[in-house]
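Examination of the molecular architecture
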Amino acid sequence: MKQVLHAAGEFVTHHKGLPPETLEKNLMGELQAESKTCEVKGHTVHWLEAGDGPALVLVHGWSCSGFFWKPMIPLLKKKYRVLAPDLPGHGLSSKEHDSYLPEKQAARLLEWLSAIGVDRFVLVGHSMGGEIAARMALDAPGRVLSLVLAGAIGLRQVRDSLPWYARLALTPVAQKVANRFLTEKALAQSHRLFMTGPGRPPYPECTRDIILTNTNTPRDLTTLSQTTRDGLFRDFIDQQAPRIDTPVLCLWGEMDKLVPLSAGKAYARLIPGAHLARIPATGHMIPWEEPERMASEIIDFAGEGPQAHEPS
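Structural notes, computed from the coordinates. (Residues numbered from 1 in each chain as written. Predicted model: local features only at pLDDT ≥ 70, side-chain atom pairs only at ≥ 80, totals over all residues. Heavy atoms only, no water.)

Section: unusual backbone geometry
With glycine set apart, most residues show a phi of negative sign, and most peptide bonds adopt trans. Within the chain, Phe-233 stands out as a residue other than glycine whose phi angle is a positive 60 degrees. Its relative accessible area of 15% is what places Phe-233 among the buried residues. Unusually for a residue other than glycine, Ala-281 sits at a positive phi of about 55 degrees. Position of Ala-281 relative to the elements: it lies in the loop between strand 8 (275-279) and helix 13 (286-289). (Buried < 20%, exposed > 50% of the residue type's maximum accessible area, 1.4 Å probe, protein only. Helix = DSSP H or I, 4+ residues; strand = E, 2+ residues; numbered from the N terminus.)

In structure tokens, the structure reads:
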């Protein structure tokens, strides 16, 4: 409790106010990928793209962006055309939508993929992005070649098993307070306490990117409140999950405090033929804690081409 209060006491707002081109340059850093945008139904979608081969789409979680996948992109681009979008309301994508419900986000990503000419793809979703990816597989089963759910929310039991501090953070008052007093130092402390496995190092680039994309302007903070309200635990897919008709890998950190391993086991039971892979000593931030292991699991499971999971 003392550590939690200490972390909360360090929250001080810093609005960077960086112009868009400077913000993008700071976020890209030394990442070897293209930063792209397109318009879909009057709204801008931003994504990172790297590599050639079958399309592989990486869907990030709450408060993050396509930049969350920085450790994974260099590993996956050797086999795939990697596409890491910023969900609408996140990162450098438009933040002017009326709703950020997971089903709407799933539809928007499918529309974006159609707009850039990607019909079929391997799909990976982390945390909130896992629920969105599962909904994409339900809505467009013929397009998703295989699905990887990494620490995914979306099941009722995840909400019911949330630790007290996560439940507190989801209350409207707590959201307003946290959004107004958010810094890299406080976020790093939160990650260490709640998001990573024991003994993991800090990930300053990850925390910096989250702060940059969520506090650069007052609009960012307003949208963060909206995406929290709409994107987390508003609805559940327990009843729909058994209808997912594509090969599924559930990838979970054994030490995940936020979305515990029991949720991965539940997904594996609900989805016919799903496999569960457990990563020891790992928390919720699998792409940063164990990028090589995660990339290896994805490549081994999904294969290197559209035929990997199709009937012969």
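Further notes follow.
A few points about the nonpolar core
Among the nonpolar cores identified, the biggest contains 68 residues, and Trp-112 and Phe-121 are the most heavily contacted of them. The element that contributes the greatest number of residues to this core is helix 5 (residues 128-139), accounting for 7 residues. When neighbours within four sequence positions are excluded, Phe-121 is seen to be in contact with Ala-55, Val-57, Leu-110, Leu-113, Met-136, Arg-143, Val-144, Leu-145 and Ser-146. Counting residues in hydrophobic clusters, the runner-up holds 34 residues, among them Val-82, Leu-212, Ala-295 and Ile-298. (Core = buried A, V, L, I, M, F, W, Y, C linked by side-chain atoms within 4.5 Å. Contact = heavy atoms within 4.5 Å.)

Remarks on the environment of Lys-185
On the secondary structure map, Lys-185 appears in helix 9 (residues 184-195). You can call Lys-185 exposed: its relative accessible area is 58%.

Some remarks on empty space enclosed by the protein
Applying the stated criterion to the full structure yields 2 cavities of 30 Å³ or more. For the largest cavity, the calculated volume is near 40 Å³. Taken together, Cys-64, Ser-65, Phe-67, Phe-68, Cys-206, Asp-209, Ile-210 and Trp-288 form the lining of the largest cavity. It is helix 10 (residues 204-215) that contributes the most residues to the lining of the largest cavity, 3 residues altogether. The residue makeup of the lining of the largest cavity, split by class, is 6 nonpolar, 1 polar and 1 charged. (1 Å grid on protein atoms, 1.4 Å probe; cavity = no way out; pocket = protein on both sides within 12 Å on 5 of 7 lines; lining within 4 Å. Points joined across faces, edges and corners; volume = space filled by probe spheres on them. Nonpolar A, V, L, I, M, F, W, Y, C, P; charged D, E, K, R; others polar.)

A few points about the sheet that holds strand 2 (residues 43-50)
Taking strand neighbours across the sheet as the criterion, the 8 strands line up as 1-2-4-3-5-6-7-8 in an open arrangement whose pairing is mixed. Bordering the open sheet on either side are strand 1 (34-40) and strand 8, each of which pairs with just one other strand. Taking each pair of neighbouring strands and ignoring which way they run, the sheet shows an average axis angle of 25 degrees. Note: strand 6 (residues 144-150) against strand 7 (residues 248-253), 4 bridges, orientation parallel. Bridging from a neighbouring strand, Leu-147 pairs with Val-248 of strand 7. (Pairing = 2+ DSSP bridges. Axes fitted to C-alpha atoms, helices over the stretch in contact; angles between N-to-C directions.)

Let's talk about the packing of helix 9 against helix 10
Close contact between helix 9 and helix 10 brings their axes to 9 Å; oriented N to C, the two are set at 125 degrees. Classified by the interaxial angle, the pair formed by helix 9 and helix 10 is oblique. Seen along the crossing, helix 9 lies across helix 10 with a hand that is right-handed. For the pair helix 9 and helix 10, contact is made by Glu-184, Leu-187, Ala-188 and His-191 and by Cys-206, Thr-207, Arg-208, Ile-210 and Ile-211, respectively. The residue makeup of the contact of helix 9 with helix 10, split by class, is 5 nonpolar, 2 polar and 2 charged. (Parallel < 35°, antiparallel > 145°, perpendicular 65-115°, else oblique. Left-handed = near helix turned anticlockwise from the far one by under 90°.)

Some thoughts on helix 12 (residues 261-270)
A turn of α-helix holds 3.6 residues, and therefore any two residues three or four places apart point the same way. Those residues of helix 12 that sit buried are Leu-261, Ala-263, Gly-264, Ala-266, Tyr-267 and Ala-268. Its buried side turned inward, helix 12 meets strand 6, helix 6 (156-160), strand 7 and strand 8.

Some remarks on the packing of aromatic side chains
Counted by the stated rule, this structure contains 4 aromatic pairs. Relative to Trp-69, the ring of Phe-68 has its centre 6.0 Å away and its plane inclined at 80 degrees; by these criteria the two rings are edge-to-face. Of the residues examined, Phe-68 reaches a relative accessible area of 6% and is grouped as buried. In this structure Trp-69 comes out as buried when scored by relative accessible area, which is 0%. (Phe/Tyr/Trp six-rings, centres within 6.5 Å; stacked < 30°, edge-to-face > 60°.)

Re the pairing of strand 7
Among the 6 residues in strand 7, 6 count as buried, and that is most of the element. With burial as the criterion, each face of strand 7 is covered, one bearing Val-248, Cys-250 and Trp-252 and the other bearing Leu-249, Leu-251 and Gly-253. In the sheet, strand 7 pairs with strand 8 via 5 bridges, with the strands oriented parallel. Bridge pairing in strand 8 places Trp-252 opposite Arg-278.

Considering the environment of Pro-260
Position of Pro-260 among the secondary structure elements: in the loop between strand 7 and helix 12. Overall, the relative accessible area of 18% leaves Pro-260 in the buried class. Once the C-alpha coordinates of Pro-260 and His-284 are considered, the two residues, 24 residues apart in sequence, prove to be 8.5 Å apart. In contact with Pro-260, not counting residues within four places along its chain, are Ser-161 and Trp-252.

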